[in-house]
Amino acid sequence: MSNTRPVKVASEHTALTARKVSFAWEETPLHWVPGDPFATHTINVLHLLLPAGERWFVHVYKQVLPHIHDDRLREDVIGFIGQEAVHSQAHDDVLPHLRELGLDPTPYTAQVDWFFEKLLGDRTLPPGKPRAWWLKERVALIAAIEHYTAFLGDWVLNAGELDRRGADPMMLDLLRWHGAEEVEHRSVAFDLFMHVDGSYRRRVRTWAAAFSALVFLWQRGARFFMENDPTLRDGRASFREFYRAGNRGVLPSTPDMLRSIPRYLSRAYHPSQEGSTAQAVAYLASSPGANGLNDKAMKDKGLDGKRMDDKRTDGTGVDDKGLDGPCPKGGR
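Residues numbered from 1 in each chain as written. Predicted model: local features only at pLDDT ≥ 70, side-chain atom pairs only at ≥ 80, totals over all residues. Heavy atoms only, no water.

Here's the deal with the overall build of the protein chain
- In terms of regular secondary structure, the protein chain is built from 13 helices and two strands.
- A total of 332 residues make up the protein chain; the buried ones form 55% of that total.
- With an accessible surface of roughly 15,000 Å², the protein chain has 53% of that area assigned to carbon and sulfur atoms. (Helix = DSSP H or I, 4+ residues; strand = E, 2+ residues; numbered from the N terminus. Buried < 20%, exposed > 50% of the residue type's maximum accessible area, 1.4 Å probe, protein only. Areas by Shrake-Rupley, 256 points an atom, 1.4 Å probe, with all protein chains shown as cover.)

Considerations on the packing of helix H2 (residues 71-92) against helix H8 (residues 188-196)
- Close contact between H2 and H8 brings their axes to 10 Å; oriented N to C, the two are set at 135°. Here H8 runs oblique to H2, going by the angle between their axes. Crossing angle aside, the handedness with which H2 passes H8 is left-handed. Of the residues in H8, those in contact with Leu-73, Asp-76, Val-77 and Phe-80 of H2 are Val-188, Asp-191, Leu-192 and His-195.
- Class assignment of the residues belonging to the contact of H2 with H8 gives a composition of five nonpolar, one polar and two charged. (Axes fitted to C-alpha atoms, helices over the stretch in contact; angles between N-to-C directions. Parallel < 35°, antiparallel > 145°, perpendicular 65-115°, else oblique. Left-handed = near helix turned anticlockwise from the far one by under 90°. Contact = heavy atoms within 4.5 Å. Nonpolar A, V, L, I, M, F, W, Y, C, P; charged D, E, K, R; others polar.)

Some words on the packing of helix H1 (residues 37-64) against helix H7 (residues 169-184)
- Closest axis-to-axis distance for the H1/H7 pair is 12 Å, and the angle between their directions is 45°. If you check the angle between H1 and H7, you find them oblique. Considering only the axes of H1 and H7, their crossing is left-handed. Along the contact surface, H1 presents Ile-43, Asn-44, Leu-46, His-47, Leu-50 and Glu-54, while H7 presents Met-171, Leu-174, Leu-175, His-178 and Glu-182.
- Looking at the contact of H1 with H7, its residues break down into six nonpolar, three polar and two charged.

A few points about the nonpolar core
- Ranked by internal contacts, the top residues of the largest apolar core, which has 95 residues, are Trp-56, Tyr-61, Val-77, Leu-162, Trp-177 and Leu-192.
- Looking at which element gives the most residues to this core, the answer is H1, with 15 residues. (Core = buried A, V, L, I, M, F, W, Y, C linked by side-chain atoms within 4.5 Å.)

What to know about the confidence of the model for the protein chain
- This prediction gives the protein chain a mean pLDDT of 89; 86% of its residues lie at or above 70.
- pLDDT under 50 marks residues 309-332. Its contacts with residues more than four places away, or in other chains, come to 65 contacts. (pLDDT = per-residue confidence, 0-100.)

Description of the side chain of Thr-28
- Relative to the helices and strands, Thr-28 is located in the loop between strand E1 (21-23) and H1.
- Separated by 2.9 Å, the side chains of Thr-28 and Asp-168 make a polar contact. (Polar contact = N/O pair within 3.5 Å; in protein donor to acceptor, adjacent residues only side chain to side chain.)

Brief notes about helix H12 (residues 277-286)
- Restricting attention to buried positions, one finds in H12 the residues Thr-277, Ala-280, Tyr-283 and Leu-284. Buried residues of H12, viewed axially, fall in a sector of 130°; they line one side. For H12, the exposed residues lying more than 90 degrees away from the buried face are Ala-278 and Ala-285.
- Lining the buried residues of H12 we find helix H5 (129-157) and H7.
- Near the N-terminus of H12, the side chain that reaches the backbone nitrogen of Ala-278, with its oxygen 3.4 Å away, is that of Ser-276. (Arc of directions from axis to C-beta.)

Quick word on the pattern of salt bridges
- This model, assessed by the stated rule, comprises 16 salt bridges.
- Here Arg-138 ties to Asp-122 by a salt bridge, and the two come within 2.9 Å at their closest N and O atoms. Residue Arg-138 is located in helix H5, and its partner Asp-122 is located in the loop between helix H4 (106-119) and H5; the two are separated by 16 residues in the primary sequence. Exposure class is identical for Arg-138 and Asp-122. Each is buried.
- The partner of Glu-274 in a salt bridge is Arg-263, and the shortest N-O contact between them spans 2.7 Å. Placement of the pair is Glu-274 in the loop between helix H11 (254-265) and H12 and Arg-263 in helix H11, with a sequence separation of 11 residues. (Salt bridge = Lys/Arg side-chain N within 4 Å of Asp/Glu carboxyl O.)

A short note on the environment of Gly-289
- Structurally, Gly-289 can be placed in the loop between H12 and helix H13 (293-300).
- Each C-alpha atom, one on Gly-289 and one on Val-21, is 5.1 Å from the other, the two residues being 268 residues apart in sequence.

Description of helix H9 (residues 200-228)
- For H9, spanning 29 residues, the distance from its first C-alpha to its last is 42 Å, which sits close to the expected 42 Å at 1.5 Å a residue.
- Where H9 begins, the capping side chain belongs to Ser-199, and its oxygen is found 3.4 Å from the backbone nitrogen of Arg-201. (Expected span 1.5 Å × (residues − 1).)

So, the layout of surface pockets
- What the largest pocket holds in volume is close to 1,100 Å³.
- If you go around the largest pocket, you meet 49 residues; those closest to its centre are Leu-152, Leu-214, Val-215, Trp-218 and Met-257.
- Listed by contribution, the elements that provide at least two residues to the lining of the largest pocket are H1, H4, H5, H7, H9, helix H10 (239-248) and H11.
- Ranked by residues supplied to the lining of the largest pocket, first place goes to H9 with 13 residues.
- Taken together, the residues of the lining of the largest pocket break down into 34 nonpolar, 10 polar and five charged. (1 Å grid on protein atoms, 1.4 Å probe; cavity = no way out; pocket = protein on both sides within 12 Å on 5 of 7 lines; lining within 4 Å. Points joined across faces, edges and corners; volume = space filled by probe spheres on them.)

Below is the structure:
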């Protein structure tokens, strides 16, 4: 095998900070992609997976902070932690609206919580290599997952078909704000993995585990929404419909997703080679939700937007000793 090392695009680095955002869901319809409940609910799975998943990211990264010996990488990880904390809360805030529309996601989110908190949570392991191994495994898993969150972020920033079909602007802004920050911080998880380990075998193994888990959880989530949608008599989700929706441009293209696999598995891969930081930063500068514009719009309509405080953390107060120290119970 080649010994090629990852090749960074230096110009794609930017300082990371968690942004205060606000969204209001009172006027967002159940099928926010008009006439397309399947595309709507397939994307809605994000609201089920991300709150628990991104809390887990934050928990794992707080454990590894003491073992980062590169000052810029440490700052990047701190910025990443802050952004992921806000992402988690923003998607969590959509769930009460879904309940009001007749879709209670609790049965599914309970399974997702178990997956991240129990299956991928902290384990009682002896200090030293066993504990270091499990933390490195989780850091590598996050790097693999972040490859796909960046892929999805780049897709939604360029998914013009959603605009042409009249998708709800509030939901589009949430997705594009989040997607833009995923593109903005797309290199952090991979750089951290390379810093604490960098094993190519671990990268391949954890990619296979992450990809399989994401496909499994996503199809279960889409089926859950379609089968429990109170407006559908016989709602179903299938890979065939996913493929067709990708061809229509309202979901990611299956061929594009498959082509992303060998890129991640290439020894020369680096996330900075994917997407555009300039495009992401430009969207963040204009996003209504990230610039207080939703607050004004909601006040003008007599509604109240949900605004989240800046959750950026400097890593202080972390009670973990990382690779060789004790880990608290739970993944939250």
